[in-house]
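# Notes for the structure review
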Amino acid sequence: MTIGKRVPVTRDGLERLKVELEELKTIKMPQITEAVAEARSHGDLRENAAYDAARHDQMMAKRRIDELEDLIRHAEIIDESASPAGVVSLGSKVTV
C-alpha cells in the first residue's frame, strides 16, 4: 500500500488499472463468492479442499481490489509530452 504517497502513472496505465478493478468487482468476485457458497454446501469445512481454495481465491482477489483502489486513489498522471526531446523519463516511449 502506498499510504499517502503519490504513484506516478500514465493516463493509459491508470485506465488499465480502472478496467482491472471493475472486472474484479463485477465479474471475478461474484464468481468466487458463488464458488465459496458451492464448496460450503458440500459439508465439513475442515476437510474441504474446494472450500479452502475458494476462500484463498477470495482473499487474493480482495487484496488485489484493495491494492488497485489504493493505487488509483494516489495516482498522479505523468504528462508524457512534458519531457524535452531526446530525454528519456518516466512515461517516455523509446524506439530502438
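Now for a quick tour of the structure. (Residues numbered from 1 in each chain as written. Predicted model: local features only at pLDDT ≥ 70, side-chain atom pairs only at ≥ 80, totals over all residues. Heavy atoms only, no water.)

When its secondary structure is counted, the protein chain shows two helices and two strands. Along the protein chain, helices (α) and strands (β) appear in the sequence β-α-α-β when read from the amino end. The C-alpha radius of gyration computed for the protein chain amounts to 19 Å, which surpasses the reference 12 Å derived for 96 residues by more than 25%, pointing to a less compact arrangement than a globule. Principal-axis analysis of the C-alpha atoms gives the protein chain an extent of 65 × 30 × 20 Å. Taking all 96 residues of the protein chain together, the buried fraction comes to 25%. (Helix = DSSP H or I, 4+ residues; strand = E, 2+ residues; numbered from the N terminus. Rg over C-alpha atoms; globule rule 2.2 N^0.38 Å. Buried < 20%, exposed > 50% of the residue type's maximum accessible area, 1.4 Å probe, protein only.)

Let us now look at the pattern of salt bridges. If charged atoms from side chains of opposite charge come close, those side chains can pair. All chains considered together, the criterion is met by six salt bridges. Between Asp 12 and Arg 16 there is a salt bridge, and its shortest N-O distance comes to 3.9 Å. Taken as a pair, Asp 12 and Arg 16 lie in helix H1 (residues 11-40) at a separation of four residues, close to a single helical turn. You can call Asp 12 partly exposed: its relative accessible area is 47%. A salt bridge links Arg 64 to Glu 67; the shortest N-O distance between them is 3.2 Å. With Arg 64 and Glu 67 both in helix H2 (residues 49-73) and three residues apart, this pair spans about one turn of that helix. Given a relative accessible area of 28%, Arg 64 falls into the partly exposed group. Here the residues in one salt-bridge network are Glu 20, Arg 64 and Glu 67, joined through shared partners. (Salt bridge = Lys/Arg side-chain N within 4 Å of Asp/Glu carboxyl O.)

This part is about the packing of H1 against H2. One can describe the packing of H1 onto H2 by two numbers: an axis separation of 9 Å at closest approach and a directional angle of 160°. Regarding the angle of H1 to H2, the classification is roughly antiparallel. Every pair of crossing elements has a handedness; the one defined by H1 and H2 is left-handed. Its residues assigned to classes, the contact of H1 with H2 comprises 17 nonpolar, two polar and nine charged. (Axes fitted to C-alpha atoms, helices over the stretch in contact; angles between N-to-C directions. Parallel < 35°, antiparallel > 145°, perpendicular 65-115°, else oblique. Left-handed = near helix turned anticlockwise from the far one by under 90°. Nonpolar A, V, L, I, M, F, W, Y, C, P; charged D, E, K, R; others polar.)

This part takes up H2. Taking 1.5 Å per residue, 25 residues should reach 36 Å; H2 reaches 36 Å between its end C-alpha atoms and fits that length. Every buried residue of H2 is listed here: Tyr 51, Ala 54, Gln 58, Ala 61, Ile 65, Leu 68 and Asp 70. On the buried face of H2, the contacting elements are H1. The backbone nitrogen of Ala 50 lies 3.2 Å from a side-chain oxygen of the residue at the head of H2, namely Asn 48. (Expected span 1.5 Å × (residues − 1). Contact = heavy atoms within 4.5 Å. Polar contact = N/O pair within 3.5 Å; in protein donor to acceptor, adjacent residues only side chain to side chain.)

Next up on the list: the environment of Val 36. Here Val 36 shows up in helix H1. With 22 residues separating them in the primary sequence, Val 36 and Gln 58 have C-alpha atoms 8.2 Å apart. Among residues more than four places away in sequence, those in contact with Val 36 are Tyr 51, Ala 54, Arg 55 and Gln 58.

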